[in-house]
Amino acid sequence: QVQLVESGGGLVQAGGSLRLSCAASGSTFSINNMGWYRQVPGQQRELVATISRGTYRVYADSVKGRFTISRDNAKNIVLLQMNNLKPEDTAAYYCRALANGRTYWGQGTQVTVSS
């Protein structure tokens, strides 16, 4: 079992920055890929960025050049640095981990970007 706890969401003006953090606990040795997804009410959850254990990164086109995902395997933390935020980035952001063929999700943290 893996537990994920996100933090760092909040309210920010357009053009501002936020950093999300996700701390993993439990069977962290089994985690390979970690990532961030986001969801707006009434819409499907969508990929924001993922990072492998070897730090291979994938970004959604909408966040390339603005968001950076990083990972500290020793501390079992994955970070999402979000710069130049836009109102369309407003969503609940969820941390996701893949471990032993299972998918784990955090409880989510709200990011709201005002125009």
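Everything numeric in this text was worked out from a predicted model, so none of it was measured.

Peer 1: How should I be thinking about the environment of Val40 in this particular structure?
Peer 2: Here Val40 lies in the loop between strand S4 (31–39) and strand S5 (46–51). A relative accessible area of 29% means that Val40 is categorised as partly exposed. Here the alpha-carbon distance between Val40 and Asp89, two residues 49 residues apart in the chain, equals 9.3 Å. Residues within four places of Val40 in sequence aside, it is in contact with Thr90 and Ala91.

Peer 1: Would you mind going over the state of the cysteines with me for this structure?
Peer 2: Put plainly, two cysteines are in a disulfide when a covalent bond ties their sulfur atoms together. Applying the stated rule across the entire model yields one disulfide. Two residues share a disulfide in this structure: Cys22 and Cys95, whose sulfurs sit 2.1 Å from each other. Between Cys22 and Cys95 the disulfide shows an S-S torsion of about -80°. By sign, it is left-handed. With Cys22 in strand S3 (residues 18–26) and Cys95 in strand S9 (residues 91–99), the pair connects residues that are 73 residues apart, well separated along the chain.

Reading the values: rules and limits
- Residues numbered from 1 in each chain as written.
- Predicted model: local features only at pLDDT ≥ 70, side-chain atom pairs only at ≥ 80, totals over all residues.
- Heavy atoms only, no water.
- Helix = DSSP H or I, 4+ residues; strand = E, 2+ residues; numbered from the N terminus.
- Buried < 20%, exposed > 50% of the residue type's maximum accessible area, 1.4 Å probe, protein only.
- Contact = heavy atoms within 4.5 Å.
- Disulfide = S-S within 2.5 Å.

Worth remembering: the numbers are spatial, not functional.
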